[in-house]
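Breakdown of the fold
Okay, here's what each chain looks like letter by letter:
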Amino acid sequence: MAQVELRAIKKSFGDVAVIHGVDCPIADGEFVVILGPSGCGKSTLLRIVAGLETQSSGDVVIGGKVVNTVEPKDRNIAMVFQNYALYPHMSVRENMAYGLKVRGLPKPEIEAAVARAAKILELEKLLDRRPRQLSGGQRQRVAMGRAIVRNPEVFLFDEPLSNLDAKLRVQMRIELKQLHSQLKTTSIYVTHDQVEAMTLADRLIVMNGGRAEHIGAPLDVYARPATTFVAGFIGAPAMNLVPGTLVAGGVAIDGTKLGVAHPAKTVTGADVTVGFRPETLHLDPAGPVALLVTLVGALGADTLVHGRMGGPQGPTITARLPGVVKVREGERMVLRVAPEDIHLFDRATGRRID
Amino acid sequence: MGAEAARRNWVAHAVLLLGVAIFAFPIYVALVGSTWDAATIGRGSMPLVPGPLGVENYVQAWTSGSGERVVGAPVGGMLWNSMLMALVIAFGKIGISIISAYAVVFFNFPGRMFFFWMIFVTLMLPVEVRIIPTYQVVVDMGLFDSFWGLTVPLIASATATLLFRQFFLTIPDELVEAAKIDGAGPIRFFFDVILPLSRTNIAALFVILFIYGWNQYLWPLLITKSKELETIVIGITKMIGTGDSQTDWNIIMATTIMAMLPPVLVVLFMQRWFVKGLVDSEK
């Protein structure tokens, strides 16, 4: 168990800078998820913590010690890889025991550690099998077993569930969550799947283009995204982001005027990006938002209505309305959105305006 | 199965059997020849059925190697030399090339690609091109007419290095990283992971390289002089008389049959490993 701290981590490959300075303290026992699209530098960041890559500048601190020059094996970490990376010629037991064997632990101690991990992960009956005789989910459990036996201070997960099918992914996600509440080991988990991120994380780091754009608890990130990127990335269907202009008492979008809860400090007339989530739109004949429907997706529990705001040339937005809504393409509907559900972002910088 | 399919099957088998017969016939003639006396073969009237002298011919070839008219080395000793040479070459080649491939694939050092290409380029030079300089080097090192002079120059192998390199490139990076985190250093990783994963490749290479070593002709001919170092392939050619002298074909046939056995046994024995390797592939 240990705290981890990333201090101004930067990384370049040759002339290409991939991480532009990430700072993040991680508390003891915390489950932190690094979320971002592919190529945002999230895996590189994790590999820097593991010691598999060396940062160009900045410090990695584990348990109060700067470990910049410490070998991966001496950082007291364990890592779970996307493709499991099990030793194909070793049995499940040997796979889990290998790290301890290399460290020269006495045999009875190794056996006890393996037995304990196998019990936690329900791998007892599979101990003598080879990885190729296991299903994807079982292999992933063995990979976790290999991490657990070492009893490390930090678990690192690099998209561990990405190779599993959707159903198994949900199940493994639950198991992971339970495992963490049982072991309470500091964990850093990299994924591009926002559902995984939202359900697992105590705290989220949303990365984009090598920057940590938002660090916060999942629901805070959802409720008050720090940038337009975060606003569009978290939540499905994605938040509507449309260009607007600040006017007295609200914001104007292509002729539509919406009320805003927090009167912005920025001057009237400033260009902003207006964001509101599809689920915050409600049917209201007296509402300010007129929608020309272009596509209707009935999901059963909800109806997704895509359309153009204001008129045929207006910005495209999506509304998520509860239940079954009888509406067809080409029809018009009128919606309202509460002022407190409107997010404003500076159009030039993409940063949130409060 | 329909009548049509059965007929096609029959034709296929007939072709295969014909092929086997064509390949096997010369070996059968050698086998029969090794059981008659030299005079019968010499007259050109050797029957196609085994003769009465089988045991005598083989005993003679094994113990003295000499017939009535030629003086050869005992086959037993030559087989031993060939076996030793082929084994040292096969294991030496596998050892050297697996280590160099390991270095070229898994380590970052200055000139890595240069060294890889240097190894690769030697593939393009046939043995005959570099045999005179190699000979000079070996003689200067004082290894002429010695076992090490016979084997060591044949050990370097670009082909095997290339083969191992291609295999190592298929090993996922994550496996290397997992081992790093598990605390296995380069040597430990080599013995605990790389070597066991390469088993099938090593078995396949061993068969090829053993036969390569066994069949060496030009190099042993150049570098050895004494009878104690004579290999079986050289021995057979030396048994064939030149000019006026008569040739003891019966002894030669017996020697040939015995010379064929070790490679055949290696193939038969290792084939089971091949199949095993293919059936429960570890990758």
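Small disclaimer: the values here were computed from a predicted structure and weren't measured.

Another point: the overall build of chain A. The helix and strand tally for chain A stands at 8 helices and 21 strands. Once the C-alpha set of chain A is aligned to its principal axes, its extents read approximately 75 × 45 × 35 Å. Per-residue burial over chain A gives 51% buried out of 354 residues. Within chain A, residue pairs in contact and separated by at least 24 positions form 66% of the contacts whose partners lie at least 6 positions apart. If you sum the accessible surface of chain A, you get close to 15,800 Å²; carbon and sulfur atoms cover 51% of it. Counting 42 positive and 36 negative side-chain charges, chain A places the averaged centre of each group 4 Å from the other.

Take the overall build of chain B next. For chain B, the count of helices and strands is 14 helices and 0 strands. By the compact-globule yardstick of 19 Å for 283 residues, chain B is too spread out, its C-alpha radius of gyration being 24 Å. With the principal axes as the frame, chain B shows a C-alpha extent of 75 × 70 × 30 Å. In the form shown here, chain B has an accessible surface area of approximately 15,700 Å², with 72% of it arising from carbon and sulfur atoms. The positive charge centre, built from 17 side chains, and the negative charge centre, built from 18, are 5 Å apart in chain B.

Residue and element names in this part refer to chain A. The 6 strands are arranged E13-E12-E11-E14-E20-E21 in an open sheet whose pairing can be described as antiparallel. With partners counted over all chains shown, the strands left at the sheet margins are strand E13 (256-259) and strand E21 (352-353), one partner each. Pairing geometry for strand E14 (residues 271-276) and strand E20 (residues 343-346), over 4 bridges, is antiparallel. Each bridged residue has a counterpart across the sheet, and for Val274 the counterpart in E20 is Leu344.

Moving on, we get to the nonpolar core. Core analysis: the largest hydrophobic core is formed by 80 residues, its most contacted members being Leu156 and Ile188 of chain A together with Phe168 and Ile232 of chain B. Element by element, the count of residues in this core is highest for helix H4 (residues 75-106) of chain B, at 10 residues. Core analysis: the next-biggest nonpolar cluster, separate from the first, contains 44 residues, Met96, Leu126, Leu134 and Leu176 of chain A among them.

Residues and elements named next belong to chain A. For chain A, the assigned domains read domain 1 (4-233) and domain 2 (240-353). Computed from C-alpha atoms alone, the centre-to-centre distance between domain 1 and domain 2 is 38 Å. Contacts between the two partners involve 9 residues from domain 1, matched on the other side by 9 residues from domain 2. Of the roughly 850 Å² buried at the junction of domain 1 and domain 2 (both faces included), carbon and sulfur atoms supply 50%. Our count for the domain 1 to domain 2 interface comes out at 0 salt bridges. At the junction of domain 1 and domain 2, the tally comes to 5 residue pairs in polar contact (both at pLDDT 80 or more). It is helix H8 (residues 228-233) that contributes the most residues to the side of domain 1 that touches domain 2, 3 residues altogether. Split into classes, the residues belonging to the side of domain 1 that touches domain 2 amount to 5 nonpolar, 3 polar and 1 charged.

Bringing the confidence of the model for chain A into the picture now. The predicted structure's coordinates, where accompanied by low pLDDT, should not be read in detail. Of the residues in chain A, 98% reach a pLDDT of 70 or more, and the chain-wide mean stands at 91. The spread of mean pLDDT over the elements of chain A runs between E13 of chain A, the lowest at 85, and strand E3 (residues 31-35) of chain A, the highest at 96.

Another point: the confidence of the model for chain B. Residue and element names in this part refer to chain B. For chain B, per-residue confidence averages 86 on the pLDDT scale, and residues scoring 70 or more make up 91% of the total. Across chain B, the element-wise mean pLDDT spans from 80 in helix H2 (residues 38-43) up to 94 in helix H10 (residues 186-197). For this predicted complex, the interface confidence score (ipTM) comes to 0.83, while the overall pTM stands at 0.82.

Here we come to the packing of aromatic side chains. Residues and elements named next belong to chain B. Evaluated as defined, the whole model comprises 24 aromatic pairs over all chains. With a centroid separation of 6.0 Å and an interplanar angle of 80°, the aromatic rings of Phe106 and Phe189 are classed as edge-to-face. Pair noted here: Phe106 is in helix H4 and Phe189 is in helix H10, with a separation of 83 residues, a long-range link. Residue placement shows Arg165 over the ring face of Phe116; its charged tip is 3.9 Å from the ring centre.

Residue and element names in this part refer to chain B. Tracing the sequence through the fold places Asn81 in helix H4. Under the relative-accessibility criterion, Asn81 is labelled buried at 12%. What Asn81 contacts, discounting residues up to four positions off in sequence, is Lys227, Glu228, Leu229, Glu230 and Thr231.

Here we take up the sheet that holds strand E2 (residues 16-26) of chain A. Residue and element names in this part refer to chain A. Within the open sheet, the 4 strands sit side by side as E2-E1-E4-E5. Their pairing is antiparallel. What marks the edges here is a single partner per strand, and that holds for E2 and strand E5 (65-66). Two elements, strand E1 (residues 4-13) and E2, share 8 bridges in a ladder whose sense is antiparallel. Residue pairing in the sheet places Phe13 in a bridge with Val16 of E2. Those strands touched by helix H1 (residues 42-50) are E1, E2 and strand E4 (57-62), and its axis lies near 120° from that of E1.

Taken together, the contact between chain A and chain B spans 24 residues of the former and 19 residues of the latter. Both faces combined, the contact of chain A with chain B buries some 2,000 Å², and carbon together with sulfur accounts for 59% of it. For the chain A face of the interface with chain B, the top three residues by lost area are Tyr87, His89 and Tyr98 of chain A, together amounting to 26%. Across the chain A-chain B interface, the total number found is 8 residue pairs in polar contact (both at pLDDT 80 or more).

Residue and element names in this part refer to chain B. Taking 1.5 Å per residue, 12 residues should reach 16 Å; helix H8 (residues 158-169) reaches 16 Å between its end C-alpha atoms and fits that length. Close packing links the buried residues of H8 with H4, helix H5 (112-122), H10 and helix H11 (199-214). For H8, the N-terminal cap is Ser157; the gap from its side-chain oxygen to the backbone nitrogen of Ala160 is 3.1 Å.

The next point concerns the packing of helix H4 (residues 136-149) of chain A against helix H5 (residues 166-183) of chain A. All names here are of chain A. The geometry of H4 relative to H5 is characterised by a closest axis approach of 11 Å and an angle of 20° between their N-to-C directions. Relative to H5, the element H4 is oriented roughly parallel. Here the hand of the crossing between H4 and H5 comes out right-handed. Packed against H4, whose contacting residues are Gly137, Gln140, Arg141, Met144 and Ile148, the element H5 presents Leu168, Met172, Glu175, Leu176, Leu179 and Leu183 at the interface.

For the structure on display, the rule yields 16 salt bridges over all chains. Here Arg336 of chain A and Asp284 of chain A are joined by a salt bridge, their closest N and O atoms 3.0 Å apart. Of the two residues, Arg336 of chain A sits in strand E19 (residues 332-337) while Asp284 of chain A sits in the loop between strand E15 (281-283) and strand E16 (289-298), which places them 52 residues apart along the sequence. Between Glu230 of chain B and Lys238 of chain B there is a salt bridge, with its nearest N and O atoms 2.8 Å apart. Overall, Lys238 of chain B belongs to the exposed group, its relative accessible area being 51%. Salt bridges here are not isolated pairs; linked through shared partners, they connect Arg47 and Glu53 of chain A together with Glu177 of chain B.

Calculation criteria
- Residues numbered from 1 in each chain as written.
- Chains lettered and ligands numbered in written order.
- Predicted model: local features only at pLDDT ≥ 70, side-chain atom pairs only at ≥ 80, totals over all residues.
- Heavy atoms only, no water.
- Helix = DSSP H or I, 4+ residues; strand = E, 2+ residues; numbered from the N terminus.
- Buried < 20%, exposed > 50% of the residue type's maximum accessible area, 1.4 Å probe, protein only.
- Contact = heavy atoms within 4.5 Å.
- Areas by Shrake-Rupley, 256 points an atom, 1.4 Å probe, with all protein chains shown as cover.
- Lys, Arg positive; Asp, Glu negative; His and termini not counted.
- Charge placed at Lys NZ, Arg CZ, Asp CG, Glu CD.
- Rg over C-alpha atoms; globule rule 2.2 N^0.38 Å.
- Pairing = 2+ DSSP bridges.
- Core = buried A, V, L, I, M, F, W, Y, C linked by side-chain atoms within 4.5 Å.
- Domains from an automatic or database assignment.
- Buried area = accessible area lost by both parts, 1.4 Å probe.
- Salt bridge = Lys/Arg side-chain N within 4 Å of Asp/Glu carboxyl O.
- Polar contact = N/O pair within 3.5 Å; in protein donor to acceptor, adjacent residues only side chain to side chain.
- Nonpolar A, V, L, I, M, F, W, Y, C, P; charged D, E, K, R; others polar.
- pLDDT = per-residue confidence, 0-100.
- Phe/Tyr/Trp six-rings, centres within 6.5 Å; stacked < 30°, edge-to-face > 60°.
- Lys NZ or Arg CZ within 6 Å of the ring centre and 35° of its normal.
- Axes fitted to C-alpha atoms, helices over the stretch in contact; angles between N-to-C directions.
- Expected span 1.5 Å × (residues − 1).
- Parallel < 35°, antiparallel > 145°, perpendicular 65-115°, else oblique.
- Left-handed = near helix turned anticlockwise from the far one by under 90°.

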